[in-house]
Amino acid sequence: MSGRPMALVTGAGRGIGRGIAIELARQGWHVAINYAGNAGAASECLGLVRKAGGEGTTIRADVASGEDRERLVAETLAIGGRIDLLVNNAGIAPRVRADILDAGEESFDHLMAVNLKGPYFLTQRVAREMVAQVERGAKGPLGAPRIVTITSISAYTASVNRGDYCVSKAGLAMMTKLFAARLAAHGILVYEVRPGVIETDMTAGVKEKYDRLIAEGAWPIGRWGYPEDIGRAVAAIARGDLPFSTGEVINVDGGFHLRTL
Ligand code: NAP
């Protein structure tokens, strides 16, 4: 059993999830570093988590699989006996960007299973556990449990060449509201963190396009976002800095969501 607060971060081997794991580690968390298949990246993340002052455990599991989700939760609970923070971060872009008039069902089904159905039922599973923890008085060192879901500016921005991705993120935005409304009475707070364009493997293939858009002023804070930017927002929630907010959207997008005239 670990005396540290216990976080489960999905898709934490690389990119934004890794940034979140490192920022939690700076606060002393034990992070269950979930990943899909890249064991090398996950173990590199574990090294960085330890270097930052935290502890970690790597757990391979596909969030789209019910069996894997069950094992992921069981293995996380086996470490600390509690889950103080769930971060739904794992997500994929469509394999091929296809016009909404052409895009196929296979891509839609796969993307929805990973990006929406997986987090929905993982949150349900973990929320039940968190309610039970609260009822038996098993509080972590940082108080009541919390849930954070990483969505995207695609939750409200129409990109007609990746409609499935946009719909999955819009669905996650509603998921946050639903669990926030259901869990507040148990003292469990639920948040959506909505990143803008972040430099990771996911955006590596469209780097030149975004370099150009940034140069043209596509958002007010004229730079790429970095995994650390998202990690710091999640760390503020994890620390308990938003105690009278739930169902809240935290935009971490360089001001992309602002309308200007
Ligand atoms: P990334 O660099 O492609 O990393 C994705 C991570 O998710 C990897 O650790 C990967 O594991 C894991 N993963 C993928 N499918 C999984 C599955 N089925 N089960 C468990 N883990 C899985 O992506 P990212 O850019 O960091 O994106 C992370 C999240 O932020 C996603 O939800 C994405 O939609 C969202 N987001 C990204 C941006 C951006 O600009 N990058 C903007 C807004 C929102 P392996 O390493 O084992 O493959």
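What counts as what
- Residues numbered from 1 in each chain as written.
- Predicted model: local features only at pLDDT ≥ 70, side-chain atom pairs only at ≥ 80, totals over all residues.
- Heavy atoms only, no water.
- Patch = residues over 30% accessible without salt bridge, like charges linked within 9 Å, V, L, I, M, F, W, Y side chains within 5 Å.
- Areas by Shrake-Rupley, 256 points an atom, 1.4 Å probe, with all protein chains shown as cover.
- Salt bridge = Lys/Arg side-chain N within 4 Å of Asp/Glu carboxyl O.
- Helix = DSSP H or I, 4+ residues; strand = E, 2+ residues; numbered from the N terminus.
- Near = heavy atom within 4 Å.
- Polar contact = N/O pair within 3.5 Å; in protein donor to acceptor, adjacent residues only side chain to side chain.
- Nonpolar A, V, L, I, M, F, W, Y, C, P; charged D, E, K, R; others polar.
- Buried < 20%, exposed > 50% of the residue type's maximum accessible area, 1.4 Å probe, protein only.
- Contact = heavy atoms within 4.5 Å.
- Phe/Tyr/Trp six-rings, centres within 6.5 Å; stacked < 30°, edge-to-face > 60°.

This part is about a nonpolar patch on the surface. Among the surface-exposed residues, Tyr120, Phe121, Met174 and Leu178 lie close enough to one another that they form a single nonpolar patch of about 360 Å² accessible area. Looking at where Met174 falls in the secondary structure, it is placed in helix α5 (residues 163–183).

A separate point is the site of the ligand. Neighbouring residues of the ligand: 31 residues in total, closest Gly37, Asn38, Asn89, Tyr165 and Thr200. A distance of 2.8 Å separates an oxygen atom of the ligand from a polar backbone atom of Ile16. Ile198 is positioned with one of its backbone polar atoms (N or O) 2.8 Å from an oxygen atom of the ligand. Within the residue set of the shell around the ligand, elements represented by two or more residues are α1 (15–26), β2 (30–35), α5 and α6 (201–204). In terms of residue class, the shell around the ligand is built from 14 nonpolar, 13 polar and four charged.

With that out of the way, let us pick up the pattern of salt bridges. Between side chains of opposite charge, a pair can form as their charged atoms come close. Following the criterion strictly, the structure yields 14 salt bridges and no others. A salt bridge links Arg14 to Asp201; its shortest N-O distance comes to 2.7 Å. Placement of Arg14 in the loop between β1 (6–9) and α1 and of Asp201 in helix α6 is noted, with a sequence separation of 187 residues between them. For Glu23, the salt bridge is made with Arg26, and the minimal N-O distance between the two is 3.3 Å. With Glu23 and Arg26 both in helix α1 and three residues apart, this pair spans about one turn of that helix. Residue Arg26 is classed as exposed on the basis of its relative accessible area of 53%. Taken together, the shared-partner salt bridges connect Asp68, Arg71 and Glu75 into one network.

Its location among the elements puts Ile33 in strand β2. Exposure remark for Ile33: the relative accessible area of 0% places this residue in the buried category. Each C-alpha atom of the pair Ile33 and Ala7 lies 8.7 Å from the other, and the pair is 26 residues apart in sequence. With residues near it in sequence (within four places) discarded, Ile33 still touches Val9, Ala12, Gly13, Ala42, Cys45, Leu46, Val49, Thr57, Thr58 and Ile59.

The next thing to look at is the packing of aromatic side chains. The final tally for this structure, using the stated rule, is four aromatic pairs. With a centroid separation of 5.9 Å and an interplanar angle of 65°, the aromatic rings of Tyr120 and Phe179 are classed as edge-to-face. In this pair, Tyr120 is assigned in helix α4 (residues 105–135) and Phe179 in helix α5, connecting sequence segments 59 residues apart. Arranged with centres 6.3 Å apart and planes meeting at 65°, the rings of Trp219 and Phe256 form a pair that is edge-to-face. With Trp219 in the loop between α7 (207–215) and α8 (227–239) and Phe256 in the segment after β7 (248–252), the pair connects residues that are 37 residues apart, well separated along the chain. With a relative accessible area of 6%, Trp219 lands in the buried category. An aromatic cluster of at least three residues, connected via ring pairs, comprises Tyr120, Phe121 and Phe179.

Read these as spatial facts, not as claims about activity.
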